[in-house]
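Okay, here's what each chain looks like letter by letter:
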Amino acid sequence: MFFLQRTLNANTVVYTTHFDQSGKLNEETPVSVYWRRFQENGQVMPLRWYERVFGFGVKLRKTDTPNTLRLIFNGLKSHPLELRQTAPFSAALYARFDDRDYRLIYAYLDVDESGLFPKVTRLRLYTHDPQTGLFVTHTLAVSGGAYTE
C-alpha cells in the first residue's frame, strides 16, 4: 500500500493491507507495518515497541463512508489519512491537502543525526493527484516537533 524511507539508511518501513477471502479489507487486521532491512539482507522484521508507539505505528478508525478507514500515524497525529478500498483485493491510502485528495505512493523522512538522538527535520509525501493525473510532492517541515506544510 505504502512505504517510508529515511536518510539514515536503506531500511524501509512497509505498510501492507490484508483482505478477507472475498477481497474486502480484513476487519480484524486491515493493515500491517514492518521493516524491510535492506541495509542488511533485506529480511522482514517487526517494528520495535517504541517505533510502533512513537513513530511508525498506526491507529485505524471506522468512518461513515463504506470501505474506508481513517488511518492515523502515531508520529503524525495531526494529519489523518484515509485507507480506501478501490476494488476487490485493492486499497489505496489518501491524504488531504488544500481540500483535495491525493493518493500516497511513498514518503521520505529527512533526519538530522548531529545530536544524541536523531530528529526528523522534514517529511516529503510523494503522491498522485487523481483529478489531474500529475504526481505531486508535499513537504512538511518539522520544527520543535510540530509539522508545518
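One can find the structure itself at the top, above this paragraph.
Residues numbered from 1 in each chain as written. Predicted model: local features only at pLDDT ≥ 70, side-chain atom pairs only at ≥ 80, totals over all residues. Heavy atoms only, no water.

Caption draft 1: Focus on the overall build of the chain. In terms of helices and strands, the chain carries one helix and twelve strands. If you list the helices and strands of the chain from N to C, you get β-β-β-β-α-β-β-β-β-β-β-β-β. Taking 2.2 N^0.38 as the reference for a compact globule, 149 residues should give roughly 15 Å; the C-alpha atoms of the chain span a radius of gyration of 16 Å, in line with that estimate. Split into buried and exposed, the 149 residues of the chain put 37% on the buried side. (Helix = DSSP H or I, 4+ residues; strand = E, 2+ residues; numbered from the N terminus. Rg over C-alpha atoms; globule rule 2.2 N^0.38 Å. Buried < 20%, exposed > 50% of the residue type's maximum accessible area, 1.4 Å probe, protein only.)

Caption draft 2: Highlighting a nonpolar patch on the surface. Judged by side-chain polarity, Trp49, Tyr50, Val53 and Phe54 come together as a nonpolar surface patch covering roughly 470 Å² of accessible area. Given the relative accessible area of 32%, Val53 is considered partly exposed. (Patch = residues over 30% accessible without salt bridge, like charges linked within 9 Å, V, L, I, M, F, W, Y side chains within 5 Å. Areas by Shrake-Rupley, 256 points an atom, 1.4 Å probe, with all protein chains shown as cover. Salt bridge = Lys/Arg side-chain N within 4 Å of Asp/Glu carboxyl O.)

Caption draft 3: Spatial organisation of the environment of Asp20. Following the sequence through the fold, Asp20 ends up in the loop between strand 2 (12-17) and strand 3 (31-37). Judged by its relative accessible area of 31%, Asp20 falls in the partly exposed class. Measuring from C-alpha to C-alpha, the distance between Asp20 and Phe89 comes to 8.4 Å, with 69 residues separating the pair along the chain. The residues touching Asp20, leaving out its near neighbours within four places in the chain, are Leu25, Asn26 and Phe89. A polar side-chain atom of Asp20 sits 2.8 Å from a polar atom in the side chain of Ser22. (Contact = heavy atoms within 4.5 Å. Polar contact = N/O pair within 3.5 Å; in protein donor to acceptor, adjacent residues only side chain to side chain.)

Caption draft 4: Spotlight on the pairing of strand 5 (residues 58-62). Where strand 5 lies against strand 6 (residues 68-73), five bridges are found, and the strand directions are antiparallel. The partner of Leu60 across the bridge, within strand 6, is Leu71. Hairpin connection, strand 5 to strand 6: the antiparallel pair is bridged by five residues, and Asn67 has positive phi, about 60 degrees. (Pairing = 2+ DSSP bridges.)

Caption draft 5: The packing of aromatic side chains, seen in detail. Within the structure shown, the criterion is met by nine aromatic pairs. Ring geometry for Tyr106 and Tyr126: centres 4.5 Å apart, planes at 15 degrees, overall stacked. Pair noted here: Tyr106 is in strand 9 (residues 100-112) and Tyr126 is in strand 10 (residues 119-128), with a separation of 20 residues, a long-range link. By relative accessible area, which is 26% here, Tyr106 ends up partly exposed. Joined through ring pairs, the aromatic side chains of Phe2, Tyr15 and Phe73 make up one cluster. In this structure, Arg37 packs its charged tip against the face of Trp35, placed 5.6 Å from the ring centre. For Arg84, the ring lying beneath its charged end belongs to Tyr94, and the centroid distance is 4.2 Å. (Phe/Tyr/Trp six-rings, centres within 6.5 Å; stacked < 30°, edge-to-face > 60°. Lys NZ or Arg CZ within 6 Å of the ring centre and 35° of its normal.)

Caption draft 6: Quick look at the side chain of Glu82. Structurally, Glu82 is set in strand 7 (residues 76-87). Discounting chain neighbours no more than four positions away, the residues touching Glu82 are Thr68, Leu69, Arg70, Ala92, Leu93 and Tyr94.

Caption draft 7: The arrangement of the nonpolar core in detail. Of all hydrophobic cores here, the largest spans 28 residues; its most connected members are Leu4, Val13, Tyr15, Phe56, Phe73, Leu93 and Leu123. For this core, the elements supplying multiple residues, two or more each, are strand 1 (2-6), strand 2, strand 3, strand 6, strand 7, strand 8 (90-97), strand 9 and strand 10. Leaving out residues up to four positions away in the same chain, Phe56 has contacts with Leu4, Arg6, Val13, Tyr15, Val33, Trp35, Leu47, Glu51, Phe73 and Leu109. (Core = buried A, V, L, I, M, F, W, Y, C linked by side-chain atoms within 4.5 Å.)

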